[in-house]
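Residue-level listing of the chains:
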Amino acid sequence: MKILVTVFTMFLVLSMLTGVYAQGQEVILRVQQSWETYGVGTTCISGGNNLFIEDVDGDGVVEILTGGFMYKSENGTMGSMLAPLMIWNWDGIAVTLEHSGKWPGSIRCVYAADLDGDGKVEIITGGTFRNQNESETRTYNSLRIWNWDNNDLTLRADYHGIAVSAVSVYDLDNDGALELITTGSQQGAAQLCVWKFNTDLQLISTVDLDEANVAVTNSVYVDDLDNDGKAEVVVGGYSGYLNNSKGQISIWNWKDNGFSLKANQQWQIMDGYALTIAGGVQGNTIVNSVKAADLDRDGVLELVSGGFTWDGENILAQIKVFKWDGLNLVELDSKEWSEDYLTEVKCIALNDVNGDGKIDVVASGTIAAAGSFNNTNAVSDRGLLRVWTWENGILTLKHDTIWALDDGVCAWSVAAFDVDGSGIIELVTVGCVGKDGLCDPNMRIWTVPQAATLEDYSAILIAAISFVVVASLGVVLFFRKRAHKIK
């Protein structure tokens, strides 16, 4: 009988411990926020680099930075396009707009860092500026540097003429000062640029990436991937033409104010190309986002890319994990999946989102039916949010959320950060939500169920021990009463 009681108790304890992890596997939506143009105009936050989270005014409260483009619509007429630099915060209950800065043009990417080492964080925007002087009307590529002090948004520097679609910041030359690294494509050429910012913005070096046959760059990430004291500059995008594009990651080193190519990884499943949901050329395989973190906690960073590939029938979402050993970019795992004709990862973020001490891989994107752009009877485009953990050298899916809203959703960007200072990492998504021919970014803040802590286990064990004691006493009393009756 004691054995049965012990076995039952162990089963109960295991069930309770498993339940701590199994409960509520869905990602939890905490809040959503629309823009001022919702229903009366358009704000769209496209690209996977148009969201960034940082305390940009030094007040101890984290801000959410968003870019994109915006216009109002009156009597069916589109107004002037504006670049909306929006600064938000979230206190765990409500989203508050701290500031809305607008200028003629658009924003392709946002970032934040203390570039000049003065203790104040700079906001970096890459996009366009439309000059509307009496003598000239022209749109320029524009890289801008700002400061926000919780009262005023001050433009510190503005450089015209270089296309910027992604930004990273790192001390490339180990001199104690940060460099600004940007990438973008213009006039048929992809470029990588290095800048210094002090009192002004100085372009230190620029290189065309044709040495690696880079056609378009979508993402850049800089870190010391192999712990050799030298930074690797990682560029994600595609090579070749869209009608047979190859997903691509190229790795570059910076030395003596110049770049040298160290690796050039390209891939696809098969030749050919897919069509967009509107009937245009989608491409074959493309990397939209690339980040790095120590997934397996061995002291060396893993490189993670997100995008899509074509299998001859459907467009598959794709996540890849690599290791850079200083000579070779070694693929560790690859995940492809399809929810409909088109399933695409637009952006990835890396952080410990469930509090178990392991870095998770978060992906946002979109799901769409074939021809849905021109077919009002098609299933609406849906937003995609997935969370993986890295276990025993493979990606293991933990959370998968798909949602529909209005006429269609694309979650272009995702960030993983403790936004409200609660100690729990939130997932923030923004992008495009279609409604009656208009668009809204629909910011959403999510959390995932948190892993059990030591205190959780202690409480469970105490409860289990208490159960064992009570159950044992009950069994003893039962048999004593039964024995007494027999006598």
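Note that the coordinates shown come from a computational prediction; the quantities given were computed from them, not determined experimentally. (Residues numbered from 1 in each chain as written. Predicted model: local features only at pLDDT ≥ 70, side-chain atom pairs only at ≥ 80, totals over all residues. Heavy atoms only, no water.)

Mapped onto the elements of the fold, Ser250 is located in strand 18 (residues 246–255). By relative accessible area, Ser250 is classed as buried at 1%. Taking C-alpha positions, Ser250 is 6.2 Å from Gln265, a pair spaced 15 residues apart along the chain. Those residues in contact with Ser250, other than ones at most four positions away along the chain, are Ala212, Val214, Val233, Val234, Val235, Leu261, Ala263 and Asn264. At 2.9 Å, the side chain of Ser250 forms a polar contact with the side chain of Trp252. (Helix = DSSP H or I, 4+ residues; strand = E, 2+ residues; numbered from the N terminus. Buried < 20%, exposed > 50% of the residue type's maximum accessible area, 1.4 Å probe, protein only. Contact = heavy atoms within 4.5 Å. Polar contact = N/O pair within 3.5 Å; in protein donor to acceptor, adjacent residues only side chain to side chain.)

In this section: the sheet that holds strand 17 (residues 232–239). Taken together, four strands build an open sheet; the order of strands is 16-17-18-19 and the sheet is antiparallel. A strand with exactly one partner marks an edge of an open sheet, and here the two such strands are strand 16 (214–223) and strand 19 (258–267). Neighbour-to-neighbour, the strand axes of the sheet open up by a mean angle of 25°, direction not taken into account. Relative to strand 19, strand 18 runs antiparallel, the two sharing nine bridges. Across the sheet, residue Gly247 finds its bridge partner in strand 19, namely Trp267. (Pairing = 2+ DSSP bridges. Axes fitted to C-alpha atoms, helices over the stretch in contact; angles between N-to-C directions.)

Core analysis: the largest hydrophobic core is formed by 33 residues, its most contacted members being Leu65, Leu85, Ile123, Ile124, Ile145, Leu180 and Leu201. Of all elements in the fold, only strand 7 (82–90), strand 8 (95–113), strand 9 (122–133), strand 10 (136–148), strand 11 (153–160), strand 12 (166–170) and strand 14 (189–197) reach the threshold of two or more residues within this core. Among the elements that line this core, the one with the most residues is strand 8, at seven residues. Setting aside anything within four residues of it in sequence, one finds Leu180 in contact with Leu115, Ile124, Leu143, Ile145, Val167, Ser168, Val169, Cys193, Val194, Trp195 and Leu201. Counting residues in each nonpolar core, the second largest holds 18 residues, with Ile53, Met86, Met443 and Ile445 among its members. (Core = buried A, V, L, I, M, F, W, Y, C linked by side-chain atoms within 4.5 Å.)

So, on to the packing of aromatic side chains. In total, this model carries eight aromatic pairs according to the counting rule given. Judged by centre distance (4.8 Å) and plane angle (80°), the rings of Tyr159 and Trp195 are edge-to-face. Residue Tyr159 is located in strand 11, and its partner Trp195 is located in strand 14; the two are separated by 36 residues in the primary sequence. Residue Trp195 is classed as buried on the basis of its relative accessible area, which comes to 0%. Here Arg144 stacks its cationic end above the ring of Trp103, 5.0 Å away from the centre of that ring. (Phe/Tyr/Trp six-rings, centres within 6.5 Å; stacked < 30°, edge-to-face > 60°. Lys NZ or Arg CZ within 6 Å of the ring centre and 35° of its normal.)

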